[in-house]
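Residue-level structural notes
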Amino acid sequence: MNDDLLPIGQFARLCRLSVKQLRHYADLGLLVPAWIDPVSGYRYYRAAQARQALSIGLLRSLDVPLGAIGEVLSGVAAARVLGRVRDDLEAELARRSRTLATLERLLVSGVPPVEVTVERQRPSQVVLVREEALSPQDISRVTGACVASLVRAVRRGGLEGGLRLTGLFPVEMGEPIPVVVAAEFGGPAPRGTRPYILPGGVFAGAVHVGPYDQIDLTAHALLSWCAERGHTPDGPIREVYLSDPARTAPERLLTRVMVRLGERDVEEGLTAG
């Protein structure tokens, strides 16, 4: 046996990884042992493989998926993948900074007031995508995935131009959390899609100005308004996205947050007050 070979336990300690992790990375083809004893099955690594092992550890600490790590290590798409990781980290840092600033304002001034209006909406024809978020913190990621999937579907179906997108989220949070994103359209449904009818009715609504990850503040104010007046939400919370996030700064995004009111609330002369 070559003196340059290190037993898996020693190599794991040197690279600050566990033996279980090394076995998993070997099974995935990310970090294959330099030699496996044909009798005992014991695995050995070369010292030069430490650079690859340390790179995997650093990438995993940044939550880079294992599939993407393979691309980085192969060198084929390293710059692209690392650029995407950098963009994601910068976006997450900006989100955390916005959240901290909002928290500071919340602790000093309380929940910001919103202007609630009541309006009647007609039923609309939509196509939609459904997914499940594992937790409230996962909603943003799942919603983004739904939007991307929905846009691809309607464009494959021949529908071009601006889409009116609406997110639908449960009033009461459980786990998992159903997430629905719908795209409204007129005329025939896009090819290859199944049309649905989004119910109409009387809705209480308020406009949220700011990042999507802070819509909960406006939703809280809207639900509090309903509770104070004895109105019962009938169905999910709707978020109607009025701005293009690709062209609008997060603090300037406009979203109309709406809840449909129960049948007993739908009467002549119902007004916000």
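Heads up: the structure comes first, above all this text.
The paragraphs below set out a description of the structure included in this document. These numbers come from a predicted model, not from an experiment.

With that settled, the discussion passes to the sheet that holds strand β3 (residues 43-46). An order of β1-β3-β2 is seen for the three strands of this open sheet, with the pairing classed as antiparallel. For this open sheet the edge positions go to β1 (5-7) and β2 (35-36), each flanked by a neighbour on one side alone. As paired strands, β1 and β3 are joined by three bridges and run antiparallel to one another. Within β3, the residue paired with L5 across the bridge is R46.

The buried count for strand β10 (residues 237-241) comes to five of five residues, which makes it a mostly enclosed element. Side chains I237, E239 and Y241 of β10 all project onto a buried face; the interleaved residues R238 and V240 project onto the opposite face, where all are buried too. As paired elements, strand β6 (residues 164-169) and β10 share four bridges and run antiparallel to each other. Residue pairing for β10: T166 is matched across the bridge by V240.

This brings us to helix α5 (residues 78-109). Taking 1.5 Å of rise per residue, 32 residues should cover 46 Å, and α5 covers 46 Å from first to last C-alpha, within 8% of that figure. For α5, the complete set of buried residues consists of A78, V81, G83, V85 and T102. Contacts made by the buried residues of α5 are with α4 (66-74) and α7 (215-228). G110 lies just past α5 and shows a positive phi near 85°.

Taken together, the side chains of L100, L103, L107 and V108 make up a nonpolar region of the molecular surface, amounting to roughly 440 Å² of accessible area. You can see L100 is positioned in helix α5.

Next up on the list: the layout of surface pockets. Considered as a void within the structure, the second largest pocket measures approximately 320 Å³ in volume. Among the secondary structure elements, those contributing two or more residues to the lining of the second largest pocket are α5, β9 (201-209) and α7. When residues in the lining of the second largest pocket are grouped by element, the largest group, six residues, is from α5. For the lining of the second largest pocket, a count of residues per class yields nine nonpolar, seven polar and three charged.

In this structure the tally under the stated criterion is four aromatic pairs. Judged by centre distance (4.6 Å) and plane angle (5°), the ring pair of F11 and Y45 falls under stacked. With F11 in helix α1 (residues 8-15) and Y45 in strand β3, the pair connects residues that are 34 residues apart, well separated along the chain. Comparing F11 with Y45, the two get one shared label, buried. Ring plane angle 40° and centroid distance 5.5 Å describe the contact between W35 and Y44, whose orientation is recorded as tilted. Among the aromatic side chains, those forming a connected cluster through ring pairs are W35, Y42 and Y44. Directly above the aromatic system of Y196 lies the positively charged group of R130, at a separation of 5.4 Å from the ring centroid.

The rules behind each value
Residues numbered from 1 in each chain as written. Predicted model: local features only at pLDDT ≥ 70, side-chain atom pairs only at ≥ 80, totals over all residues. Heavy atoms only, no water. Pairing = 2+ DSSP bridges. Helix = DSSP H or I, 4+ residues; strand = E, 2+ residues; numbered from the N terminus. Buried < 20%, exposed > 50% of the residue type's maximum accessible area, 1.4 Å probe, protein only. Expected span 1.5 Å × (residues − 1). Contact = heavy atoms within 4.5 Å. Patch = residues over 30% accessible without salt bridge, like charges linked within 9 Å, V, L, I, M, F, W, Y side chains within 5 Å. Areas by Shrake-Rupley, 256 points an atom, 1.4 Å probe, with all protein chains shown as cover. Salt bridge = Lys/Arg side-chain N within 4 Å of Asp/Glu carboxyl O. 1 Å grid on protein atoms, 1.4 Å probe; cavity = no way out; pocket = protein on both sides within 12 Å on 5 of 7 lines; lining within 4 Å. Points joined across faces, edges and corners; volume = space filled by probe spheres on them. Nonpolar A, V, L, I, M, F, W, Y, C, P; charged D, E, K, R; others polar. Phe/Tyr/Trp six-rings, centres within 6.5 Å; stacked < 30°, edge-to-face > 60°. Lys NZ or Arg CZ within 6 Å of the ring centre and 35° of its normal.

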